[in-house]
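Chain by chain, the residues:
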Amino acid sequence: MTLTDGLIALCIAALLLFALYDEAILPRRKGPTRLRVALRRRHKIDSLIFIGLLGILLWNNVTHQGPQLTTTLLMVLCFLAFWLFWLRRPTLLMKNAGMFYAGAWVDYARIQHMNLSEDGVLVMQLETRRLLIAVQQLDDLERIYHTLIEAR
């Protein structure tokens, strides 16, 4: 196994661990989930560029009769990148004491201000940063509001 194959295998392992954490472990952490809200996808152009670059690497490996292991690993990495950016839905998980946004725990006590922008994005101001929560359906904003009121 070359260094390239090892790095690709390491990326695949990291993505698989993230998938396991995001789909199986995260909903069970910090108590039962009170509300699960689907969020809008972001960075679609970046994902297309990444998948395109992986496709170029795959094509280059195939045309120059590169190792079969590298070809297989690149195809698996392309599939995982496609799953991560296009098939998987980002979600907001609201619990009793806080919420998981982008895989990070945010305690409800840290929320200082909340505003709703004109385009339907909920802006939560924390101590040092802002969370921009872009929901897919506007009805979910009301459900988030009611969950926050009940939890506080």
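In the block above lies the structure referred to throughout.
Reading the values: the criteria
- Residues numbered from 1 in each chain as written.
- Predicted model: local features only at pLDDT ≥ 70, side-chain atom pairs only at ≥ 80, totals over all residues.
- Heavy atoms only, no water.
- Salt bridge = Lys/Arg side-chain N within 4 Å of Asp/Glu carboxyl O.
- Helix = DSSP H or I, 4+ residues; strand = E, 2+ residues; numbered from the N terminus.
- Buried < 20%, exposed > 50% of the residue type's maximum accessible area, 1.4 Å probe, protein only.
- Pairing = 2+ DSSP bridges.
- Axes fitted to C-alpha atoms, helices over the stretch in contact; angles between N-to-C directions.

Chemist: Account for the pattern of salt bridges, with residues named and values stated.
Modeler: Per the counting criterion, the structure on display carries 4 salt bridges. Among the salt bridges present, the one from Glu 127 reaches Arg 110, with a minimum N-O distance of 2.9 Å. Pair noted here: Glu 127 is in the loop between strand S6 (121-125) and strand S7 (130-134) and Arg 110 is in the loop between strand S4 (104-107) and strand S5 (113-116), with a separation of 17 residues, a long-range link. The closest approach of N and O atoms between Asp 140 and Arg 143, which form a salt bridge, is 2.6 Å. In this pair, Asp 140 and Arg 143 are both assigned in helix H4 (residues 139-151), 3 residues apart and thus about one turn of the helix distant. For Asp 140, a relative accessible area of 5% corresponds to the buried category.

Chemist: Quick rundown of the sheet that holds strand S1 (residues 35-38)? Include the residues and the values.
Modeler: Overall, antiparallel pairing links the 4 strands, which are arranged S1-S2-S3-S4 in an open sheet. Two strands close off the open sheet at either side, each with one partner strand: S1 and S4. Recorded for the sheet is a direction-independent mean angle of 20° between the axes of neighbouring strands. Here 4 bridges tie S1 to strand S2 (residues 91-94), and the two strands are oriented antiparallel to one another. Each bridged residue has a counterpart across the sheet, and for Leu 35 the counterpart in S2 is Met 94.

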